[in-house]
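Listed below, chain by chain, are the residues.
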Amino acid sequence: MVGFHFINMDFSAKQIAELIQGRVEGDENTTINDFAKIEEGRPGCISFLSNHKYTHYIYDTKSSIVLVDESLKLERPVSATLIRVKSAYEAVAKLLQLYASMKPKKKGVDSLAFIDPTATIGKDCYIGPFVAIGPGVVIGDGCVLHPHVTIGEKASVGNNTEIYSNAVVYHHCKVGNNCILHAGCVIGADGFGFAPSENGYDKIPQIGIVTIEDNVEIGANTCVDRSTMGSTYVRKGVKLDNLVQIAHNTDIGANTVMSAQVGVAGSTKVGEWCMFGGQVGLAGHIQIGNKVMLGAQSGVPGNIKDGEQLIGTPPMPMKQYFRSQAVFRRLPEMYRQMDLMQKKIEELEAKLNGVD
């Protein structure tokens, strides 16, 4: 977090505690104007402690203020002023949101941007150099388009959406309000549709679109493919990490989160409030219920009901999976034991049958 400044303003422990509904333990007049990791703390900085693995750093950190959970028990005194809150992780997120809101927003259209005369650009937007905006495009108020963004013909972008460099929104696709599209992400490339023929594979034209609803964040180099017909949907509040692949005709439910390298095959429906670890793979034409949690590298071939917490390929309950893994590590030893038992059984059978 080094280098994040509250726009050269000082905030006291008392002010911060009031903002995040915390309780000061130490000097309430201690001031900060910067963030730092607890292990890299510096005077004038605020840090946070939410993972018990980092607890030992609190005794030596140079940070002036540390956010800690209300439940944290200390073994010895600390020099930093503490602000105790229900959740230090949530509290620092709130402070970082405050920081982000205080950053001045760029406005205006760079002279090196290309905007088709038929496009509509909202108020207070920033259009960076080498941005290309096609015919019939509609850009909402307060949007920020960084250099080299491309918005295709008749696509639309809602209010207060930020799109980073080299991201592409293909023709006719829709991006909602308050979204963030990170560098290199692609919204609306063709779905992977091919029909086998005598001469190879004939392309199936993908004539649908992608619809990104409000408050969605999509990571760098993530791809959301347009549908064959109709629309691929990424519903409100979804958060996709870098390098995620969302195939054509899928429907990703509201407030679902996916870690890096998740792949969702075509025509799969994912419910609301799901959480997928890294490299989870979902087969096509299946349905995943609401509030499903899938551990990293799970491979899912079929439907999953609401509320399941699974891991593995095919996925199984987490306790069962870890027990199975413990057994798996012992397989070579168990094989040797079974081989010895087999030999002893054969010897006993031979004796019982009177064979020398």
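Our subject is the structure that appears above.
The rules behind these values
Residues numbered from 1 in each chain as written. Predicted model: local features only at pLDDT ≥ 70, side-chain atom pairs only at ≥ 80, totals over all residues. Heavy atoms only, no water. Phe/Tyr/Trp six-rings, centres within 6.5 Å; stacked < 30°, edge-to-face > 60°. Buried < 20%, exposed > 50% of the residue type's maximum accessible area, 1.4 Å probe, protein only. Lys NZ or Arg CZ within 6 Å of the ring centre and 35° of its normal. Pairing = 2+ DSSP bridges. Helix = DSSP H or I, 4+ residues; strand = E, 2+ residues; numbered from the N terminus. Salt bridge = Lys/Arg side-chain N within 4 Å of Asp/Glu carboxyl O. Disulfide = S-S within 2.5 Å.

A. Highlighting the packing of aromatic side chains. Per the counting criterion, the structure on display carries 4 aromatic pairs. With 5.3 Å between their ring centres and 75 degrees between their planes, Tyr321 and Phe322 make a pair best called edge-to-face. Classification of Phe322 by relative accessible area gives exposed; the value is 51%. Above the face of the Tyr59 ring, Arg76 is positioned so that its terminal group lies 4.0 Å from the ring centre. For the cation-ring pair, Arg235 lies above Tyr233, with the distance from its terminal atom to the ring centre recorded as 4.0 Å.

B. Molecular detail of the pairing of strand S27 (residues 231-234). Two strands pair when backbone bridges link them, and strand S24 (residues 209-212) and S27 are joined in this way by 4 bridges, in the parallel orientation. The residue of S27 that forms the bridge with Ile209 is Ser231. The pairing of S27 with strand S30 (residues 251-252) spans 2 bridges and is classified as parallel. Within S30, the residue paired with Tyr233 across the bridge is Asp251.

C. Structural detail: the sheet that holds strand S25 (residues 217-218). Across the sheet, which stays open at both edges, the 12 strands sit in the order S8-S11-S14-S17-S20-S25-S28-S31-S34-S37-S39-S40 with mixed pairing between neighbours. The open sheet terminates on both sides in strands that have one partner only, identified here as strand S8 (108-109) and strand S40 (316-317). Of the pairings in the sheet, the one linking strand S31 (residues 257-258) to strand S34 (residues 275-276) comprises 2 bridges and is parallel in character. The partner of Val257 across the bridge, within S34, is Met275.

D. Molecular detail of the pattern of salt bridges. Per the stated rule, a full pass over the model turns up 10 salt bridges. Close ionic contact of Glu25 with Arg23 constitutes a salt bridge, the shortest N to O distance being 3.7 Å. The partner of Asp190 in a salt bridge is Lys203, with the nearest N and O atoms 2.9 Å apart. You can see Asp190 sitting in the loop between strand S21 (186-189) and strand S22 (194-197) and its partner Lys203 sitting in strand S23 (residues 200-203), a full 13 residues away along the chain. Looking at Asp190, the relative accessible area reads 33%, which means it is partly exposed. Taking the relative accessible area as the measure of exposure, Lys203 reaches 46% and is therefore partly exposed. Among the charged side chains, a network of salt bridges with common partners joins Arg23, Glu25, Glu70 and Arg84.

E. Highlighting the sheet that holds strand S26 (residues 223-225). Spatial ordering of the open sheet is given by S9-S12-S15-S18-S21-S26-S29-S32-S35-S38, a layout of 10 strands whose pairing is parallel. The open sheet is flanked by strand S9 (114-115) and strand S38 (299-300), the only strands paired with a single partner. Of the pairings in the sheet, the one linking strand S29 (residues 245-246) to strand S32 (residues 263-264) comprises 2 bridges and is parallel in character. Of the residues in S32, the one forming a bridge with Ile246 is Val264.

F. Highlighting the state of the cysteines. Summed over the entire model, instances satisfying the criterion amount to 0 disulfides. No disulfide involves Cys179; its sulfur sits 9.4 Å from that of Cys143, the nearest cysteine. Under the relative-accessibility criterion, Cys179 is labelled buried at 1%. Note on Cys185: no disulfide assigned, nearest cysteine sulfur contributed by Cys223 at a separation of 8.2 Å. Judged by relative accessible area, Cys185 falls into the buried class, the value being 0%.

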